[in-house]
Amino acid sequence: MSNDAPDATVAPLPAARDPKLRRMANALRALAMDAVEQAKSGHPGMPMGMADIATVLFTQFLRFAPRAPEWPDRDRFVLSNGHGSMLLYGLLHLTGYRDMTLDELKRFRQLGSRTAGHPERGHASGIETTTGPLGQGLANSVGMALAERMLAIQFGEEVVDHHTYVFAGDGCLMEGISHEALSLAGHLGLNKLIVFWDDNSISIDGPTELAVSDDQVTRFRAHGWAAERIDGHDQEAIAAAIRRAHASDRPNLIACRTTIAFGAPTKAGTAAAHGSPLGAAEIAGARERLGWNEPPFVIPDDIRVEWRVAGARGEAVRRAWEQRLQSLPAERRAEFMRRQRRELPAGLDGAITEVCKEFQRANAKIATRQASGAVLDTLTRVVPELVGGSADLTPSNNTKAKDQKDIRRGDFSGRYIRYGVREHGMAAAMNGIAVHGGFIPYGGTFLTFSDYARPAIRLSAFMGARVIYVMTHDSIGLGEDGPTHQPVEHLAALRAIPGLFVYRPADPVETAECWQLALRRRDAPALLALTRQSLPLLRREAGSDNRSAHGGYVLAEAEGARQVTLIATGSEVSVAMTAREALAKEGLRAAVVSMPCWELFENAPREYQRAVLGSAPRVGVEAAVEFGWDRWLGSRGAFIGMTGFGASAPGEALFPHFGITPERVAEAARSLL
Ligand SMILES: Cc1ncc(C[n+]2csc(CCOP(=O)(O)OP(=O)(O)O)c2C)c(N)n1
């Protein structure tokens, strides 16, 4: 022992009931201490505190197969307190995930490593969802557990029958999103969801009593959960609680009393161990107390073997599952696998073409939210993996298709989720459904309340999860509900999220096209901004080309050489069209570009962009703030839109009041010539 060893008065650790399991847990502790120390950054406390729980779960209960990490019927493990990422990386390494090498652990938090500061889905197999923003993983897990039940009903428990296990900390439970997640899970009775709360009474500022005095067990019970308290370092108590949870008819909280940085001589049980390297002396002391005599990053053979055995446990179970999958009727099996591969069914494109023709036959002058509803009536028939919902705005969002039945507690055969007034919980649950696999979730609310869901929308984009947000009432056009409900900055804010495709269709045909594009993009979320108010049908030409596919296109070319280009989105495209006519009467030649999706247009070939935008001066029209429009308008352009919040009045009165009219657009065009 070095001279830095802690003084001998530090109390010895209580003996473990199962010394072998304790040594396996100590391997996790050592890896966490060593990796954080090497990186000079990270969170050793949580991995050391939850190592015993993780060891019991991974060696005796969790069904997983490191050699087939995408096995659809694996149990899902979510590390919601993602700052403890080294716990997950240590587990993946020790149980034999090939891409989680010792070298990756040594490069914890370094550029290009799989071992990011917080677990990022896609960086390494076995990371089910991206966590770090506290509470998100917990809320994702509700979607995962729900997806499991829905898929089981559709394909049978012989091929879908797994649990969702979650590690969550005080931070996750303090976040508001936990309220929505717990409430929804309790309401739906998701009894295969098991949450381990790291009840260590410590967060960053110090003891949790500084900021919170909730009785969490009572709180969970009030949400309809089964909840119990155990000692999180007692391996038998952990195993017994998991067994009880398996028999429960409700979602389960296991409140685990733990010591943060268990084993550290002076920092255990203190906030000092939360998010900083322990330091050489403390680590040496911890090694001594834990009886761990190995040098940094060295795992003794016997312990390595034990962990590998734990990792291999699932192989036989997985092979038996393969057999059961093979015995499904060929068509069912093919459908199951198609959905796992996230491929769309063959009928989608034809159905979209039909819907567009129907809109044109009927000369549909309807709101784009209504058009979206009509599209969904068709889509839900041809895309069985679509599962819809709304945050209590179903009649406004037009999200429920005719043949969709509600999902309810005990009956998961429906395909429509009543998320209740829980926008954030809805978005996070949809992330969980999407990353679980087997479904494409969509869910609605008002566009203004995208703010309530934004942290989860950001994570949809971050993870590349195919989640479709149906956000209606997309401007002052919604009218009388007034400025609290009228989005003005939201389109700009949403377009600022990298990887999110924001669609604002101009008429029913574009609405159908945008749905098709949203579905086709397997690795990104989409957000449809839809009107409350009716709009004229602008797209009358026949054909099955998706003209929105490049994000923007010339809806109406100038008659002769262009003098000005009017670029608009959504409801303002018809405003631009009327302005174009007025200008034509004066002999001025204007083209109208409809640009339903900026992100797609940005990705379009340069030549195409140039051809669409032209070289004439440009006027942008959008009933929203100008922020971001400069990229299309250049230094010579003009913008007609909003400069502040809206007002409470009928929509038809608000457009003239705020100067978003064909006359103003024409005036702006003239001023540029
Ligand atoms: C939404 C969000 N807010 C703040 C943080 C920063 N943060 C990370 S961990 C933490 C404290 C969490 O305490 P607890 O869950 O008890 O973790 P423990 O100290 O037990 O490891 C905070 C505030 C975050 N990651 N996410």
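In this report, the structure presented in the accompanying data block is examined. Bear in mind that the values here come from a model prediction, so they are computed numbers and not experimental data.

1. As for the overall build of the protein
Then comes step 1: A tally of helices and strands in the protein yields 25 helices and 16 strands.
Then comes step 2: Here the C-alpha radius of gyration of the protein, 28 Å, is about what a compact globule of 673 residues would show, namely 26 Å.
Then comes step 3: In terms of its C-alpha atoms, the protein occupies a principal-axis envelope of roughly 95 × 55 × 45 Å.
Then comes step 4: With 673 residues in all, the protein has 63% of them scored as buried.
Then comes step 5: Excluding contacts between residues fewer than 6 apart, the proportion of contacts in the protein whose partners are at least 24 apart in sequence is 78%.
Then comes step 6: Carbon together with sulfur atoms contributes 50% to the accessible area of the protein, which is approximately 24,700 Å² in total.

2. Description of the nonpolar core
Then comes step 1: In terms of nonpolar packing, the biggest core is built from 74 residues, with Leu146, Leu253, Ile433, Ile457 and Leu527 touching the most fellow members.
Then comes step 2: A per-element tally of this core places helix 5 (residues 136-155) first, with eleven residues.
Then comes step 3: Dropping the residues within four chain positions of it, Ile433 is found in contact with Gly143, Met144, Leu146, Ala147, Met150, Val387, Ile417, Tyr419, Phe439 and Pro441.
Then comes step 4: Of all hydrophobic cores here, the second largest spans 59 residues; its members include Ala51, Val56, Leu92 and Phe196.

3. Things to note about the sheet that holds strand 1 (residues 76-79)
Then comes step 1: Across the sheet, which stays open at both edges, the five strands sit in the order 1-2-3-5-4 with parallel pairing between neighbours. Looking at which strands have only one partner, the edges of the open sheet turn out to be strand 1 and strand 4 (226-231). Across the sheet, the mean angle from the axis of one strand to that of its neighbour is 20°, orientation sign disregarded.
Then comes step 2: Across five bridges, strand 2 (residues 164-168) lies against strand 3 (residues 193-199) in parallel orientation. Of the residues in strand 3, the one forming a bridge with Tyr165 is Ile194.

4. Description of helix 10 (residues 280-290)
Then comes step 1: Within the sequence span of helix 10, burial applies to Glu282, Ile283, Ala284, Gly285, Ala286, Arg287 and Leu290.
Then comes step 2: Against helix 1 (19-39) lie the buried residues of helix 10.
Then comes step 3: Gly291 lies just past helix 10 and shows a positive phi near 70°.

5. Brief notes about the site of the ligand
Then comes step 1: Around the ligand, the surrounding shell holds 16 residues, and the nearest of these are His83, Gly171, Asn200, Ile202 and His274.
Then comes step 2: With respect to the ligand, the side chain of His83 contributes an N or O atom lying 2.8 Å from an oxygen atom.
Then comes step 3: Gly132 places a main-chain nitrogen or oxygen 2.8 Å from a nitrogen atom of the ligand.
Then comes step 4: Within the complex, the protein chains bury 74% of what would otherwise be the 590 Å² of accessible surface of the ligand.
Then comes step 5: In terms of residue class, the shell around the ligand is made up of six nonpolar, seven polar and three charged.

6. Details of the packing of helix 3 (residues 85-95) against helix 11 (residues 301-326)
Then comes step 1: Direction vectors running N to C along helix 3 and helix 11 enclose 90°, while the axes themselves pass 7 Å from each other. As the angle between them shows, helix 3 and helix 11 are arranged roughly perpendicular. Between helix 3, through Leu91, His93, Leu94 and Thr95, and helix 11, the contact on the second element is made entirely by Arg304, Trp307, Arg308 and Gly311.
Then comes step 2: For the contact of helix 3 with helix 11, the class distribution of residues is three nonpolar, three polar and two charged.

7. Topic: the packing of aromatic side chains
Then comes step 1: The final tally for this structure, using the stated rule, is 19 aromatic pairs.
Then comes step 2: Measuring from ring centre to ring centre gives 6.0 Å for Phe446 and Phe449, while their planes differ by 35°; the resulting arrangement is tilted. Here the two residues Phe446 and Phe449 agree in accessibility, since each one is buried.
Then comes step 3: Above the ring of Phe439, the side-chain terminus of Arg339 is found at 5.1 Å from the ring centroid.
Then comes step 4: If you follow Arg495 out to its NZ or CZ, it ends over the ring of Trp598, 3.8 Å from the centre.

8. A closer look at the side chain of His93
Then comes step 1: Position of His93 relative to the elements: it lies in helix 3.
Then comes step 2: A polar contact is formed between the side chain of His93 and the backbone oxygen of Met100, at a distance of 2.9 Å.
Then comes step 3: What His93 contacts, discounting residues up to four positions off in sequence, is Leu31, Met100, Thr101, Leu102, Leu105, Arg304 and Arg308.

The rules behind these values
- Residues numbered from 1 in each chain as written.
- Predicted model: local features only at pLDDT ≥ 70, side-chain atom pairs only at ≥ 80, totals over all residues.
- Heavy atoms only, no water.
- Helix = DSSP H or I, 4+ residues; strand = E, 2+ residues; numbered from the N terminus.
- Rg over C-alpha atoms; globule rule 2.2 N^0.38 Å.
- Buried < 20%, exposed > 50% of the residue type's maximum accessible area, 1.4 Å probe, protein only.
- Contact = heavy atoms within 4.5 Å.
- Areas by Shrake-Rupley, 256 points an atom, 1.4 Å probe, with all protein chains shown as cover.
- Core = buried A, V, L, I, M, F, W, Y, C linked by side-chain atoms within 4.5 Å.
- Pairing = 2+ DSSP bridges.
- Axes fitted to C-alpha atoms, helices over the stretch in contact; angles between N-to-C directions.
- Near = heavy atom within 4 Å.
- Polar contact = N/O pair within 3.5 Å; in protein donor to acceptor, adjacent residues only side chain to side chain.
- Nonpolar A, V, L, I, M, F, W, Y, C, P; charged D, E, K, R; others polar.
- Parallel < 35°, antiparallel > 145°, perpendicular 65-115°, else oblique.
- Phe/Tyr/Trp six-rings, centres within 6.5 Å; stacked < 30°, edge-to-face > 60°.
- Lys NZ or Arg CZ within 6 Å of the ring centre and 35° of its normal.

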